[in-house]
Amino acid sequence: MIRRIPFRFDGREYRGHERDTLSSALLANGVRIVGRSFKYHRPRGIFGYGADEPNALFQLGDEPNCRGGLTPLTAGLDARGQNAWPSVGFDLGAVAGLAAPLLPAGFYYKTFMAPRRLWPLYEGLIRRAAGLGRAPRAPDPHRYDTRHAHVEVLVVGGGPAGIAAAMAAAAPGRRVMLVDDGARLGLMAGDPDARIGGQPAADWLAAREAELAAMPDVTLLRRATAYAVSDSGRVDVIQHLDGGGARQCRWVLHAGRIILATGAQERPLVFADNDRPGVMLASAARAYATRHAALPGRRAVIFTGDDGAYGTALALQAAGVEIEAVVDPRPHAGPLAEAARTAGIRCLPGQVVVKALGARGVKGCLARPIEGGAMRRLNADTLLVSGGFTPNLQLFTQAGGRTGFDEGSGAFLPVAGSTAVECVGGCAGAVSLAEALAHSLPPDAMPAVEEAIPAPPSTLSVMPKPRGLRGKRFIDLHNDVTVEDLNLAVREGFGHIEQVKRYTTLGMGTDQGRTSGLIGAGHAAGQMGRALADVGVTRPRPPVSPVTFGALAGGHVGPNMAPSRVTPIQPWHDANGARMAQVGSWRRPQLYPRAHETDQQAIDREVLNTRTAVGIVDVSTLGKFDLRGRDVPELLNRVYVNAWSNLPVGRCRYGVMLREDGMVLDDGTTSRLGENHYVMTVTTGNAERVQAHLDRLLQLAWPELDVRLTPVTEQWAAIGIAGPRAREVLAALAEFDVSDAALPYMALAQGQVVGIPARVFRISFSGERAYEVNVPAQHGQALWEAAMAAGAQHGIMPYGTEAMLTMRAEKGFFMPGFEADGRTTLDDLGLGRMMSRKKGCVGQAALRRPAFAAPDRKQMVGLLTLDAAQPMPRGAQIVADGPSIGHITAGLYSATLERWIALALVEGGRARMGETLTATAPMAGQSVPVRVVDPVFLDPEGERLRG
Amino acid sequence: MDIFDPVTAFSFLNLARNALTGHRNWARMWRSPPPQPAYDVVLVGGGGHGLATAYYLAKLHGIRRAAVLEKSWLGGGNTGRNTTMVRSNYLLRPNAMFYEHSLKLWEGLSGELNYNVMFSQRGCITLAHTQSDLTGLMRRGNAMRLNGIDAELLDREALARRLPALDLSPTARLPVLGGLEQPRAGTARHDAVAWGYARAADAMGVDIIQNCEVTGIRREGGRVTGVETTLGFIAAPKVGLCVAGSSGLLGAMAGLRLPIETHVLQAMVSEPVKPVLDAVVASGALHFYASQSDKGELVMGGDIDGHNSYAQRGSPVPLDHAVESCLALFPAFSRLRQLRSWGGLMDMTMDGSPIIAKTPVEGLYLNGGWCYGGFKATPAGGWCFAHTIARDEPHALNAPFSLDRFATGALIDERGAGATPWLH
Amino acid sequence: MLIPCPHCGPRAAEEFEYGGDASAPPTIPTEATPEQAHAALHLRANPRGPHRELWYHAAGCRQWFTARRDTLTHRFLAEAP
Ligand SMILES: Cc1cc2nc3c(=O)[nH]c(=O)nc-3n(C[C@H](O)[C@H](O)[C@H](O)COP(=O)(O)OP(=O)(O)OC[C@H]3O[C@@H](n4cnc5c(N)ncnc54)[C@H](O)[C@@H]3O)c2cc1C
Ligand SMILES: [Zn+2]
């Protein structure tokens, strides 16, 4: 294959071909140093093939930590090495290597303590030295999709075991899904000449895969990684997509049966300087060579404790790599070793590599007999390692599966039946193709398999360091954790593997210990003098491999981060300059500023116009419940503090509801539309809560009540028309009598309003004569426009939530969320007298606890600044002298009263009427004397309401 | 052993000296003794609170015949699972005074323990997305100031300087209008807190016993006499429970039903990147917070899953929501990756505030109900609990955090959510 | 997590609201003493294992129902007889 596609690495131009990944292309171009290590900034080369890669992590433009093996090569790709300055080739951070003796595991716990004031400086240095790539600065140009699917059988992993499992599961009408990330490293770790059903193994696999793909009920997700298993058989998968659409798709799957065929991870071997560029996992090297025509080097030493790497030696030799030697600690290996010898490859049984040579790239290694003895030098530019295989059981343990130690393979294997999730193939301990297939296929469906059966692997991982040899032995390349670090942790008394992990950061890198975990645990166990079976390994956490945030968020970004509700009158608000604000889930007009008006001026105008002429407000967001049935009054009696038995048809009443714990929950009006028909309104932000509350009471506590509750918030648009001229406006719209006699305060009427069936409630939240007109939602905007037209001659103006809040404060009406903050009682709000003595209600019993009778409870009061023009400090606390005794819940300028006013909760407030206190906002440096007054600032007799 | 012994103490000098011998001569950080038959005080739970309590009992109250019993490994509970936010920016006075005491202890903790707990006072910024959020933050900040706690209001310009990655566009779905910063707040290294207290307590003679699960609480005539454990009976006239999410189970062993529910809270980290977020950032509206660890990982958390759970793992949904929230505030982080997530057992109380108190059983004391916030409370929780156990009465700082406040109604409900632990 | 709504079948947990210990009284009677109110409000079962609890299918059929679920495994169990 000719390499024609141009790409750049650290500013230099290279070329690759269309089947390259970034890593394979760099290998093919002979690039050795691709990154710098996390702690010591040592030069590092490509080591793995996929998500296990510790070194080849690149900055791709704005995106950090991109694994080279998982990055398809594209023309113009511009990659940079990470954790190095100025470049990976020459990195000033490498001085950390010189200081290495001072940087054992956990050194930072032992130093930087004195003098205390210097810690921030030290910390800054630590922080700058740590971290991998640079976080993106620019917005992500990509889109990410989310899809949901339900399947009967989900198979994770598309190697021989996964294909066999899918074949066994597939049946007409049974939805089967096979998720495969395409690595199939199992094939790179065994006999290169293996045949299944008379075909080369890879061909057989491809043919079966094609058959599966053709089945209507089987879905194949390619380039897809299952990264998490959670309750109810949920599996989350990330699929990488090409082409113009979304970059990744996150699948949320629910599966009846989950079969893991996730294979096994090749482990490295640990010896002095085992991190030099040119040291690589054997299966990775083989995959690069056979799949991408990218040779890891010219001359290789292979150090293995496992037969598979002899296959790699053969495959690489066939691809043109000279094999210097295969070093194997075992005295005897299986038939593949024989084949290698026959092919002229020098095999060194009973030997181990103790040190890699060469600083910026492997130049060879030192090997010696396992039991000690003279060292020999082997010359090579590549050192491939294979330390056996660790089953990939991350998903299995996430699903609650238990594992047991297997002496033979030196690894932990799944304990069948410990969770509903099943394992087949390499992750279940299979060491041959035949075994992997037989986990799923019944004997009569088994194809013939010809392969070399491996001899038992060596379980030796950490090589001794001969006297006089220098060089760090890395257990975890991701975080630069060495053998000495583990020894220190054990010596200092960390007796549990999870503690060793935390102290040394073993397995906390981007592969979560996939390559290092077992080796580290084995070594630590040895140091503790305990068995690995007993010490165990650390628990990998979801996700199995890192997942892009964008893919997790899917479409929930930007304006769609959370849904936003609008009323049917929104188009008018938009067209007429409303300033919108988010109030809970709703968007509501805050004010309608005119040109050259300040916000305060706009609010003042809206308030004054409503108080002197007429205002109109969109209150469609108020929660509304339709209540029907014989027992509605009984329900109301039980949930509201006041009595409801005698509300006549055509009348409205105000009520307050309590939570079970006695705190005020909500307030609002309920109106009787007919004999057994009521409508209840609740505060905008409380609609869901009150609905759940009422449903719970009706369904669980009082199922005997004949009440049917239907939420109708969105079915009705609601418009408030308020002000001294409100009746004139309404009269021009309504096709029925709206005189005070026919429609007095707290009454309702039903009829046509500009030809629309409507309900008109004479209730008020502003303290003015006011009508709330409800019409079916689709007519909301028409009604609004008709009211604006009819009101023009009366000076009608829309008002927003700011003016509404100002007018309610002038009237001293409490609001949930402000005064009713979840800690206040009815009595705290000054409404104790509303509580009916004739009947009980929800929350009453809890109020008998002694603390609710304390005289120093915070009570709602009004406050006036002594100087009318003096603003109330925002967010102020109230003090007498000493600590805070209360706080302002709403402080604002009242254009009506031409002065600043506030509502506040003050300890023992009602006994303080007339006292002068201080409203203080220390953050703003403001302290203002205020007088405690009644919270009703305007029209305490309610004359304006009644007209 | 003396943690301040010039030869064995942790210091740069001794680090350098040990470098010469390949760090082969460091001592064990704590012993691993078998349990004695009896102690003056037995503390159940080897998390931060149990260990800190042991330390202050020995240090301030002279009670050294004490043991900490841990069923698994030190610091393996919530102490080693939390997102390490340390702050005292509370509205209600009992909380403010208690957590501020804790923050002051944090400020001297590395020196006190001769163990660098990496307390990083990088500031904690709470964001306001609406005008009423902003007023609420001002109210909180002003209350903090009156309680002697540092608090600063940040306007949008200041936020742009402090948090360059923050999306300040006015049309954002959740626009940022301002923020409240507590500059002295920050993060610490959670494991180091457990290890540091363990080492210091051990040095004063406290026995720290791992792999020792308490399976029963023995009582005679309404008095505690000791605990049954997987290593046998251990007698003690005073037993302190510091078991976080297991409080309900231990309470039941003494015949108590506690106002605590156990829930799961999850957290996650991203892959490490170079410094990009230099403060703890929180948003009340989003129920979200994030910081960047010294290792470079973005550490973030959100809401509890919202149902009773002892599973130490949860649903992907709350974490997805945390990621969505993160991207709402920092859209550029979209191409960072989630590296690791985990869950812990939360001891949620009915008013969202902790319990550090005597119980109706004589000699039995409770430190629990920490909800989301017990890590930052570790020093003061241990300090107050040690006082309560040693004197058999609470200190003024923890007197409000009594067990009977639920019965009397003197609740400390910072969120005003009522007796619905899953909403706190 | 999928929650088996008795009316709608298994549905995603996000559609539900949690209601806690099902053995707590659904409402506290007005005549209850302060101690009874306290117990009903605050002293809930908190088992490690099977738990009878309330769920509300808020974004579905709007029904409250009782379910048994193991708090250690999150698995829903058949209602005990
Ligand atoms: C995801 C997450 C994020 C958090 N974020 C923060 C944060 O940012 N800031 C903050 O302040 N707080 C946070 N918290 C809360 C904080 O972690 C806890 O409140 C705090 O660590 C509790 O400490 P502890 O010592 O009481 O509990 P733990 O550390 O849990 O210790 C309790 C110990 O008791 C042991 N135990 C239990 N039963 C027994 C028994 N029968 N016998 C013997 N031993 C037993 C356990 O094994 C455990 O080790 C978070 C919690 C979680 C889960
Ligand atoms: Zn339903």
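Residues numbered from 1 in each chain as written. Chains lettered and ligands numbered in written order. Predicted model: local features only at pLDDT ≥ 70, side-chain atom pairs only at ≥ 80, totals over all residues. Heavy atoms only, no water.

**Student:** So what's going on with the overall build of chain B? Residues and values would help.
**Tutor:** Regarding its fold elements, chain B presents 11 helices and 19 strands. Relative to the globule expectation of 22 Å for 424 residues, the C-alpha radius of gyration of chain B, 22 Å, shows essentially globular dimensions. Expressed as lengths along the three principal axes of its C-alpha atoms, the size of chain B is roughly 65 × 60 × 40 Å. Every one of the 424 residues in chain B was classed for burial, and the buried ones make up 70%. Relative to all contacts within chain B whose residues are 6 or more apart in sequence, the contacts with residues 24 or more apart total 75%. Summed over its atoms, the accessible surface of chain B is roughly 12400 Å², and 55% of this surface lies on carbon and sulfur atoms. Within chain B, one finds 39 positive and 37 negative side-chain charges whose respective centroids are separated by 3 Å. (Helix = DSSP H or I, 4+ residues; strand = E, 2+ residues; numbered from the N terminus. Rg over C-alpha atoms; globule rule 2.2 N^0.38 Å. Buried < 20%, exposed > 50% of the residue type's maximum accessible area, 1.4 Å probe, protein only. Contact = heavy atoms within 4.5 Å. Areas by Shrake-Rupley, 256 points an atom, 1.4 Å probe, with all protein chains shown as cover. Lys, Arg positive; Asp, Glu negative; His and termini not counted. Charge placed at Lys NZ, Arg CZ, Asp CG, Glu CD.)

**Student:** Let's hear about the interface of chain B and chain C: which residues, and what values?
**Tutor:** The parts lose accessible area when they come together, and the size of an interface is often stated as this lost area. Across the contact, 23 residues belong to chain B and 22 residues belong to chain C. Contact between chain B and chain C buries roughly 2000 Å² in total, counting both sides, with carbon and sulfur atoms accounting for 55%. Looking only at chain B, the three residues that lose the most surface to chain C are Arg257, Asn308 and Tyr310 of chain B, adding up to 31% of its buried area. There are one salt bridge connecting chain B and chain C. Its salt-bridge partner being glutamate 261 of chain B, residue arginine 44 of chain C comes within 3.3 Å of it at the nearest N-O pair. Seen at the junction of chain B and chain C, the total is 14 residue pairs in polar contact (both at pLDDT 80 or more). When contributions to the side of chain B that touches chain C are tallied by element, the ones reaching two or more residues are helix H8 (247-253), strand E13 (260-270), strand E16 (298-308) and helix H11 (405-408) of chain B. (Buried area = accessible area lost by both parts, 1.4 Å probe. Salt bridge = Lys/Arg side-chain N within 4 Å of Asp/Glu carboxyl O. Polar contact = N/O pair within 3.5 Å; in protein donor to acceptor, adjacent residues only side chain to side chain.)

**Student:** Any details on the sheet that holds strand E10 (residues 223-229) of chain B? Residues and values, ideally.
**Tutor:** Residues and elements named next belong to chain B. Overall, antiparallel pairing links the three strands, which are arranged E9-E10-E11 in an open sheet. The sheet is open, and its two edges are formed by strand E9 (214-220) and strand E11 (232-235), each paired on a single side. Ignoring which end each strand starts from, the neighbouring axes of this sheet average 30° apart. Strand direction decides the pairing type here: E10 and E11, joined by four bridges, are antiparallel. Within E11, the position partnered with threonine 229 by the bridge is glycine 232. (Pairing = 2+ DSSP bridges. Axes fitted to C-alpha atoms, helices over the stretch in contact; angles between N-to-C directions.)

**Student:** Break down the interface of chain B and chain A for me, with residues and values.
**Tutor:** Facing the 109 residues of chain B at the interface are 104 residues of chain A. Surface buried jointly by chain B and chain A totals about 8900 Å² across both partners, of which 58% is contributed by carbon and sulfur atoms. Of all residues in chain B, Arg173, Lys274 and Arg335 of chain B bury the most surface against chain A, accounting for 11% of the area lost on that side. Counting the contacts that link chain B with chain A gives 10 salt bridges. A salt bridge links arginine 122 of chain B to glutamate 123 of chain A, with the nearest nitrogen and oxygen atoms 3.0 Å apart.

**Student:** Tell me about the coordination of the zinc ion (ligand 2), and please be specific about residues and values.
**Tutor:** Residue and element names in this part refer to chain C. Bound to the zinc ion (ligand 2) on the protein side are Cys5 (SG), Cys8 (SG), His57 (ND1) and Cys61 (SG), at distances that span 2.0 to 2.3 Å. Motif for the zinc ion (ligand 2), donor spacing along one chain: C-x2-C-x48-H-x3-C. Taken as a pair, cysteine 5 in strand E1 (residues 2-5) and histidine 57 in the loop between strand E4 (50-56) and strand E5 (64-70) lie far apart in primary sequence, 52 residues in all. Histidine 57 sits in the buried class, given a relative accessible area of 1%. (Donors = N, O, S within 2.8 Å, 3.2 Å for Na, K, Ca; no water.)

**Student:** Explain helix H1 (residues 34-42) of chain C to me, and be specific about the residues and the numbers.
**Tutor:** Within the span of H1 of chain C, buried status applies to Ala37, His38, Ala40, Leu41 and His42 of chain C. The inward-facing, buried residues of H1 of chain C contact H11 of chain B.

**Student:** Please give an account of a nonpolar patch on the surface that cites residues and values.
**Tutor:** On the surface, Trp85, Phe90 and Leu92 of chain A cluster together into a nonpolar patch covering about 380 Å² of accessible area. By the secondary structure assignment, phenylalanine 90 of chain A is in the loop between strand E7 (78-81) and helix H2 (95-98). (Patch = residues over 30% accessible without salt bridge, like charges linked within 9 Å, V, L, I, M, F, W, Y side chains within 5 Å.)

**Student:** If you had to explain the packing of aromatic side chains to someone new, which residues and values would you point to?
**Tutor:** Within the structure shown, the criterion is met by 41 aromatic pairs over all chains. Summarising the aromatic geometry, the rings of phenylalanine 271 of chain A and phenylalanine 303 of chain A are spaced 5.8 Å apart at their centres and angled 55° between planes, so their arrangement reads as tilted. Pair noted here: phenylalanine 271 of chain A is in the loop between strand E16 (264-266) and strand E17 (279-281) and phenylalanine 303 of chain A is in strand E18 (residues 299-304), with a separation of 32 residues, a long-range link. With centroids separated by 6.0 Å and ring planes inclined at 85°, the aromatic side chains of phenylalanine 16 of chain C and phenylalanine 65 of chain C adopt a geometry described as edge-to-face. Taken together, the residues span a long stretch of sequence, with phenylalanine 16 of chain C in the loop between strand E2 (9-12) and strand E3 (17-21) and phenylalanine 65 of chain C in strand E5 at a distance of 49 residues. When its relative accessible area of 9% is taken as the criterion, phenylalanine 16 of chain C is described as buried. Look at phenylalanine 65 of chain C and you get buried, because its relative accessible area is 5%. Against the face of phenylalanine 10 of chain B rests lysine 110 of chain A, its NZ or CZ located 5.3 Å from the ring centre. One residue, arginine 218 of chain B, lies across the ring of phenylalanine 233 of chain B, its end atom 3.7 Å from the ring centre. (Phe/Tyr/Trp six-rings, centres within 6.5 Å; stacked < 30°, edge-to-face > 60°. Lys NZ or Arg CZ within 6 Å of the ring centre and 35° of its normal.)

**Student:** Could you give an account of the side chain of aspartate 706 of chain A, with specific residues and numbers?
**Tutor:** All names here are of chain A. Tracing the backbone shows aspartate 706 in the loop between helix H20 (687-701) and strand E40 (708-711). At 3.1 Å, the side chain of aspartate 706 and the side chain of arginine 708 are in polar contact. Look past the residues within four positions of aspartate 706 in its chain and what remains in contact with it is Arg628, Gly629, Arg630, Asp631 and Val632.

**Student:** Please give an account of the site of ligand 1 that cites residues and values.
**Tutor:** All names here are of chain B. Surveying the vicinity of ligand 1 reveals 38 residues, the closest of which are Glu70, Asn78, Thr79, Tyr372 and Lys376. Within the backbone of lysine 71, a nitrogen or oxygen atom sits 3.1 Å from a nitrogen atom of ligand 1. Between ligand 1 and the protein, one listed contact pairs an oxygen atom with a backbone N or O atom of lysine 376 at 2.7 Å. Computed on the free molecule, ligand 1 has an accessible area of 1000 Å², of which 97% lies beneath the protein chains in the complex. Elements supplying a minimum of two residues to the shell around ligand 1: helix H2 (48-61), E13 and strand E17 (337-349). It is E13 that contributes the most residues to the shell around ligand 1, three residues altogether. Across the shell around ligand 1, the residue classes break down as 17 nonpolar, 16 polar and five charged. (Near = heavy atom within 4 Å. Nonpolar A, V, L, I, M, F, W, Y, C, P; charged D, E, K, R; others polar.)

**Student:** Describe the environment of glutamate 322 of chain A, with residues and values.
**Tutor:** All names here are of chain A. Here glutamate 322 lies in strand E19 (residues 322-328). For the pair glutamate 322 and alanine 524, spaced 202 residues apart in sequence, the C-alpha separation works out to 37 Å. With residues up to four places along the chain from it excluded, the contact list for glutamate 322 reads Arg298, Arg299 and Ala300.

Any functional reading would require information beyond the geometric quantities listed.
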